[in-house]
Amino acid sequence: MSAVIEAHHDDHDHGPAKGITRWLYTTNHKDIGSMYLWFSFIMFLVGGVMALVIRAELFQPGLQFVEPALFNQMTTNHGLIMVFGAIMPAFVGLANWMVPLMIGAPDMALPRMNNLSFWILPFAFGMLLSTLFMESGGPNFGWTFYAPLSTTYAPDSVTYFIFAVHLAGASSIMGAINIIATILNMRAPGMTLMKMPMFVWTWLITAYLLIAVMPVLAGAVTMMLFDIHFGTSFFDASGGGDPVLFQHVFWFFGHPEVYIMILPAFGIVSHIISTFSRKPLFGYDSMVYATSSIAFLSFIVWAHHMFTVGMPLAGELFFMYATMLIAVPTGVKVFNWVSTMWRGSMTFETPMLFALAFIFLFTIGGFSGLMLAIAPADFQYHDTYFVVAHFHYVLVSGALFSIFGAVYFWLPKWTGHMYNEGLGKLHFWLSFIGVNVAFFPMHFSGLAGMPRRIPDYALQFADFNAWSTVGAFVFGISQLLFLWILVQTIRAGQKATTEVWEGSEGLEWTVPSPAPYHTFAEPPKVA
Amino acid sequence: MMSKLSSIARTVLATLCVFAGAAAVAAEYNMPVGVTDVSREIQELHMTIFWICVVIGVLVFGAMLVSMVLHRKSLGATPATFHESTKLELLWTVIPIVILVVMALPATDVLVKIYDTGGEDMVVEVRGYQWKWQYKYLDEELNEQVSFFSNLATPRGQILGQSEKGENYLLEVDNELVIPTDTKVRFLLTSNDVIHSWWVPDFGLKRDAIPGFINEAWANVKEPGVYRGQCTELCGKDHGFMPVVVRVVPKAEFQQWYAAQLEASATEALAMAN
Ligand SMILES: [Cu+2]
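Remember, predicted model here, so these are calculated numbers, not experimental data. (Residues numbered from 1 in each chain as written. Chains lettered and ligands numbered in written order. Predicted model: local features only at pLDDT ≥ 70, side-chain atom pairs only at ≥ 80, totals over all residues. Heavy atoms only, no water.)

Draft legend 1. Broad picture of the overall build of chain B. When its secondary structure is counted, chain B shows five helices and 10 strands. Taking 2.2 N^0.38 as the reference for a compact globule, 274 residues should give roughly 19 Å; the C-alpha atoms of chain B span a radius of gyration of 26 Å, well beyond that estimate. Principal axes of the C-alpha set define a box for chain B whose edges measure 95 × 50 × 35 Å. Per-residue burial for chain B yields a buried fraction of 46% across its 274 residues. Taking the contacts inside chain B whose residues are at least 6 apart along the sequence as the reference set, 63% of them involve residues at least 24 apart. Total accessible area on chain B is roughly 13,300 Å²; 60% of this is exposed by carbon and sulfur atoms. Between the centroid of the 21 positive side chains of chain B and the centroid of its 31 negative side chains there is a distance of 12 Å. (Helix = DSSP H or I, 4+ residues; strand = E, 2+ residues; numbered from the N terminus. Rg over C-alpha atoms; globule rule 2.2 N^0.38 Å. Buried < 20%, exposed > 50% of the residue type's maximum accessible area, 1.4 Å probe, protein only. Contact = heavy atoms within 4.5 Å. Areas by Shrake-Rupley, 256 points an atom, 1.4 Å probe, with all protein chains shown as cover. Lys, Arg positive; Asp, Glu negative; His and termini not counted. Charge placed at Lys NZ, Arg CZ, Asp CG, Glu CD.)

So this is what it looks like as structure tokens:
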């Protein structure tokens, strides 16, 4: 038996291919993980430029830089690119790199499909971005693309948008299948489910969410396609269809999608907080149960995005109560992180700073989320900047900060070099200040009555908007510093040790830095 | 150690005072109290849940900060090894549930009230168009009596920065919706094209206007005045340029105005017939 493994091992013991074919044909989880991460970073910059166009226009009342038609394309594509092109692929990239290393597997379970699921993405987003140069202009109906604005009243380019969503969805489903297959089948002997690292747990649950809801999204856009080209009227009231049905279907996908973008972040933060507090994660079991509960609840709260569509009272009450319930498992997670820090021996390297900011700012986003759950109050908050503030607190200072933290945390393992700690901290502080200056005033502009998705606004919102624009530019420009830190670390830098961080726990810290092209050809033993 | 703790306590207290002060001073930073019973009750709900969040926030962030200040490696802290406590974990599952129930009860009351659209004194149909509102006054049998469009009145030059922006920039219309005080007005909302949303913050009233649907909402305003809002559902290019303006006038004044409108529409109908 061992002879067979040896022979097999030798067969694979080679480095990466040379040149472009390495990246085109690769089935290596580390290569594919890196490509996912770079792709998402490029999309992050593209979506970021769109955000800055939006913020520049909103710096002052009046129309200065862009026409309303282009403004709507910017808000729509900013949302689509950040959600589907930046945050989601970044988490898939982290999963590709880290899940096999954390569970002691030699690679992902389905390496060829892994290659395919990545290489679909550049085409999907190339197609989406190409619509911006088309005669009709790109999608302009918001990232939530409510019918009939996105069907009967949509620009001609909507068909390209639909196909891009189909492709991105197919990629996500394949990625999710791969992650589940890897986690369930390829764990090192001795690693039972309840011994899995938290990032692996959160990704396992996320992958199930993806498989459950991406087909629903595909169904929604397919119905749109038929309404537009084949004369059906799923969402067209004049043909007996139902525009509200679109919203139900969309949010049945959309709400779990929100958790798809935050559950892996919970996993990452658990690792970072525990490592830099030099203490085991508090309440591992309850973390797993809380994550599962959040995933379950995410399927029965979708219509809290639709409190103003005129649902019956019973429906409003159900979705209000169910949504409020989410605060319980989410609270458990936050309390567990704080308890992990409690009486630890903390240090504050860049990953820890991002993780602490995550807890702080994600909790603020959670508070505004709880407020939004109160249906009567939501009649005032709904579709205002209060909502914009809320979801940027959970997605930027939540999901994105966790990704930044993860990159700094594992970069030494990936590259074999330590990043420059001083610059890393500078990147953190600029991001932290930028995010808060950009998004905190949005709570106020929303409460004062500013609707979202408007290119121009009444004079009483002017100060808040000026601040938001300043913060957004600080945040945006400081990401170039991040790029510089990455390039610098890849090229040179102090050599990283195997364990990288003092007392770091987990299989990924047992392989050399940088992690060799092939790891765990022999499965490690987990006690 | 003690002095550090007391200094933390002082910081927390000072922060709280700043928050409370800020909340009191800056009403314009907050949700409007509005001019209907519903809007007042919504604002109370909003403040209650806000203060609950502040208290939880002070506790959680306080614990975090204490930990970050005291339990540092640079101060020679050695890590404890505890990693679970069933008692604690149960406690912070149960307490939030209790808080949520306490919160859900008043919220349910207000929601039931918002949905009580019956017993109205008059009915107005609100119809969304890209990008204007149409208001129709209906009689008891819901027959249309008076109807007009309400368009943005802000001159293009103000939007393009060629002239000074007025006080009600983007929140002014050619024909305001006029309703009487102390009257339960039932609104029927629908749309002619895409989905719009009709919002008057001071009434605590926001409801989507959806093609093929008729949504209901109501308001009973005690104080005369002009109340301004906007379309709050992305409805295309000029979504940002379809304000909602409602003028609430005493009953007698409304009767006068309404009679004039009826007469005008009768004359118009006559002119059309000829
Ligand atoms: Cu509208």
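Moving on, there is more to tell.
Draft legend 2. Summary view of the packing of aromatic side chains. Considering all chains together, one arrives at 76 aromatic pairs over all chains under this definition. Ring geometry for A:Phe360 and B:Phe61: centres 4.4 Å apart, planes at 55 degrees, overall tilted. Of the two residues, A:Phe360 sits in helix α13 (residues 350-373) while B:Phe61 sits in helix α2 (residues 37-70), which places them in two different chains. For A:Phe360, a relative accessible area of 29% gives the class partly exposed. Ring centres 5.0 Å apart and planes at 70 degrees place the aromatic pair B:Tyr129 and B:Phe149 in the edge-to-face group. Remark: B:Phe149 occurs in strand β3 (residues 144-150) and B:Tyr129 occurs in strand β1 (residues 122-129); sequence separation between them is 20 residues. With a relative accessible area of 15%, B:Tyr129 lands in the buried category. Directly above the aromatic system of B:Trp218 lies the positively charged group of B:Lys184, at a separation of 4.2 Å from the ring centroid. (Phe/Tyr/Trp six-rings, centres within 6.5 Å; stacked < 30°, edge-to-face > 60°. Lys NZ or Arg CZ within 6 Å of the ring centre and 35° of its normal.)

Draft legend 3. Structural detail: the pattern of salt bridges. Overall, the coordinates contain 13 salt bridges over all chains when judged by the stated rule. Where B:Lys73 meets A:Glu502, a salt bridge forms, and the shortest distance between an N and an O atom there is 3.1 Å. Remark: A:Glu502 occurs in the segment after α17 (462-491) and B:Lys73 occurs in the loop between α2 and α3 (86-114); the pair is interchain, linking two chains. In this structure, B:Asp37 and B:Arg40 form a salt bridge, with 3.9 Å as the shortest nitrogen-oxygen distance. Taken together, the positions of B:Asp37 and B:Arg40, both in helix α2 and three residues apart, correspond to about one turn of that helix. The class for B:Arg40 is partly exposed, based on a relative accessible area of 29%. (Salt bridge = Lys/Arg side-chain N within 4 Å of Asp/Glu carboxyl O.)

Draft legend 4. Here's a closer look at the interface of chain B and chain A. On the chain A side, the residues contacting the 85 residues of chain B number 93 residues. Both faces considered, chain B and chain A share a buried interface measuring about 7,500 Å² in area, 72% of it formed by carbon and sulfur atoms. Inspection of the region where chain B meets chain A yields one salt bridge. At the surface where chain B touches chain A, the tally comes to 24 residue pairs in polar contact (both at pLDDT 80 or more). When grouped by side-chain class, the residues that make up the side of chain B that touches chain A number 48 nonpolar, 22 polar and 15 charged. (Buried area = accessible area lost by both parts, 1.4 Å probe. Polar contact = N/O pair within 3.5 Å; in protein donor to acceptor, adjacent residues only side chain to side chain. Nonpolar A, V, L, I, M, F, W, Y, C, P; charged D, E, K, R; others polar.)

Draft legend 5. Representation of the coordination of the copper ion. Residue and element names in this part refer to chain B. Coordination of the copper ion by the protein involves His196 (ND1), Cys231 (SG), Cys235 (SG) and Met242 (SD), with metal-donor separations of 2.1 to 2.6 Å. Because the angles between the four donor atoms bound to the copper ion fall within 93 to 126 degrees, the donor set is best described as tetrahedral. One chain supplies every donor for the copper ion, spaced along it as H-x34-C-x3-C-x6-M. Taken together, the residues span a long stretch of sequence, with histidine 196 in strand β6 (residues 196-200) and cysteine 235 in the loop between β9 (225-230) and β10 (243-249) at a distance of 39 residues. Exposure class is identical for histidine 196 and cysteine 235. Each is buried. (Donors = N, O, S within 2.8 Å, 3.2 Å for Na, K, Ca; no water. Tetrahedral: all angles 85-135°; square planar, octahedral: opposite > 155°, others 65-115°.)

Draft legend 6. A look at the nonpolar core. Counting residues in each nonpolar core, the largest one holds 261 residues, and the members touching the most others are A:Trp410, B:Trp198 and B:Phe203. Those residues in contact with A:Trp410 that lie beyond four places of it in its chain are A:Leu94, A:Met98, A:Met102, A:Phe199, A:Ile268, A:Glu508 and A:Trp509. A:Leu63, B:Ile159, B:Tyr169 and B:Phe241 belong to the second largest nonpolar core, which has five residues in total. (Core = buried A, V, L, I, M, F, W, Y, C linked by side-chain atoms within 4.5 Å.)

Draft legend 7. Main features of the sheet that holds strand β2 (residues 132-138) of chain B. Residue and element names in this part refer to chain B. Spatially, β3-β2-β1-β5-β8 is the arrangement adopted by the five strands of the open sheet, whose pairing is mixed. Unpaired on one side and paired on the other, β3 and β8 (215-219) mark the two borders of the sheet. Strand-to-strand twist across the sheet, computed as the mean angle between neighbouring axes with direction ignored, equals 25 degrees. Pairing of strand β5 (residues 185-191) with β8, which is carried by five bridges, proceeds in the antiparallel orientation. Within β8, the residue paired with phenylalanine 187 across the bridge is alanine 217. Packed onto the sheet, helix α5 (residues 251-273) meets β1, β2 and β3 and runs at close to 95 degrees relative to β3. (Pairing = 2+ DSSP bridges. Axes fitted to C-alpha atoms, helices over the stretch in contact; angles between N-to-C directions.)

Draft legend 8. Seen up close, the environment of B:Gln134. Residues and elements named next belong to chain B. Mapped onto the elements of the fold, glutamine 134 is located in strand β2. Spatially, the C-alpha atoms of glutamine 134 and isoleucine 195 are 14 Å apart, while their sequence positions differ by 61 residues. Residues contacting glutamine 134, with those up to four places away along its chain left out, are Glu125, Val126, Arg127, Tyr129, Ser147, Phe148 and Phe149. At 3.4 Å, the side chain of glutamine 134 and the side chain of serine 147 are in polar contact.

Draft legend 9. A look at the sheet that holds β10(B). Residue and element names in this part refer to chain B. As summarised here, the arrangement of the three strands in space is β4-β10-β9, forming an open sheet in which the pairing is mixed. Edge positions in the open sheet fall to β4 (177-180) and β9, since each of these has one partner strand only. For this sheet the average axis-to-axis angle between neighbouring strands, irrespective of direction, equals 25 degrees. Note: β4 against β10, four bridges, orientation parallel. Each bridged residue has a counterpart across the sheet, and for isoleucine 179 the counterpart in β10 is valine 248.

Draft legend 10. The packing of helix α3 (residues 29-57) of chain A against helix α4 (residues 68-103) of chain A, seen in detail. Residues and elements named next belong to chain A. Viewed as axis vectors pointing N to C, α3 and α4 meet at an angle of 155 degrees, and their least axial separation amounts to 7 Å. Compared by their axis directions, α3 and α4 come out roughly antiparallel. Considering only the axes of α3 and α4, their crossing is left-handed. Looking at the contact of α3 with α4 residue by residue, the class counts come to 22 nonpolar, 12 polar and two charged. (Parallel < 35°, antiparallel > 145°, perpendicular 65-115°, else oblique. Left-handed = near helix turned anticlockwise from the far one by under 90°.)

Draft legend 11. Fine view of the confidence of the model for chain B. When pLDDT is averaged along chain B, the result is 89, and 90% of the positions lie at 70 or above. If you check the scores for this complex, the pTM reads 0.93 and the ipTM reads 0.90. (pLDDT = per-residue confidence, 0-100.)

Draft legend 12. Broad picture of the environment of A:Ala373. Residue and element names in this part refer to chain A. Relative to the assigned elements, alanine 373 resides in helix α13. By relative accessible area, which is 3% here, alanine 373 ends up buried. Measuring from C-alpha to C-alpha, the distance between alanine 373 and valine 301 comes to 9.7 Å, with 72 residues separating the pair along the chain. Sequence-distant contacts of alanine 373, that is, excluding residues within four places in its chain, are made with Phe307, Met320, Thr323 and Met324.

Draft legend 13. Region of interest: the pairing of β6(B). All names here are of chain B. For β6, the tally of buried residues reaches five of five residues, placing the bulk of the element in the interior. Burial along β6 is two-sided: His196, Trp198 and Val200 and Ser197 and Trp199, pointing in opposite directions, are all buried. In this sheet, strand β7 (residues 205-209) lies alongside β6 in antiparallel orientation, the contact comprising five bridges. Of the residues in β7, the one forming a bridge with tryptophan 199 is lysine 206. Connecting β6 to the antiparallel partner β7 that follows it, the hairpin turn spans four residues, and glycine 204 within it adopts a positive phi of roughly 60 degrees.

Draft legend 14. Representation of unusual backbone geometry in the model. Geometrically, the link from A:Ala147 to A:Pro148 is a cis peptide bond, its omega value of 0 degrees lying close to zero. Tracing the sequence through the fold places A:Pro148 in the loop between α5 (111-130) and α6 (158-185). Cis peptide bonds are those with omega within 30 degrees of zero, and the linkage from A:Ser513 to A:Pro514 qualifies with -5 degrees. Relative to the helices and strands, A:Pro514 is located in the segment after α17. With a phi angle near 55 degrees, A:Phe520 is a residue other than glycine that sits in the positive phi range. Position of A:Phe520 relative to the elements: it lies in the segment after α17. One non-glycine residue, B:Leu142, adopts positive backbone phi at about 60 degrees. Within the secondary structure, B:Leu142 is located in the loop between β2 and β3.

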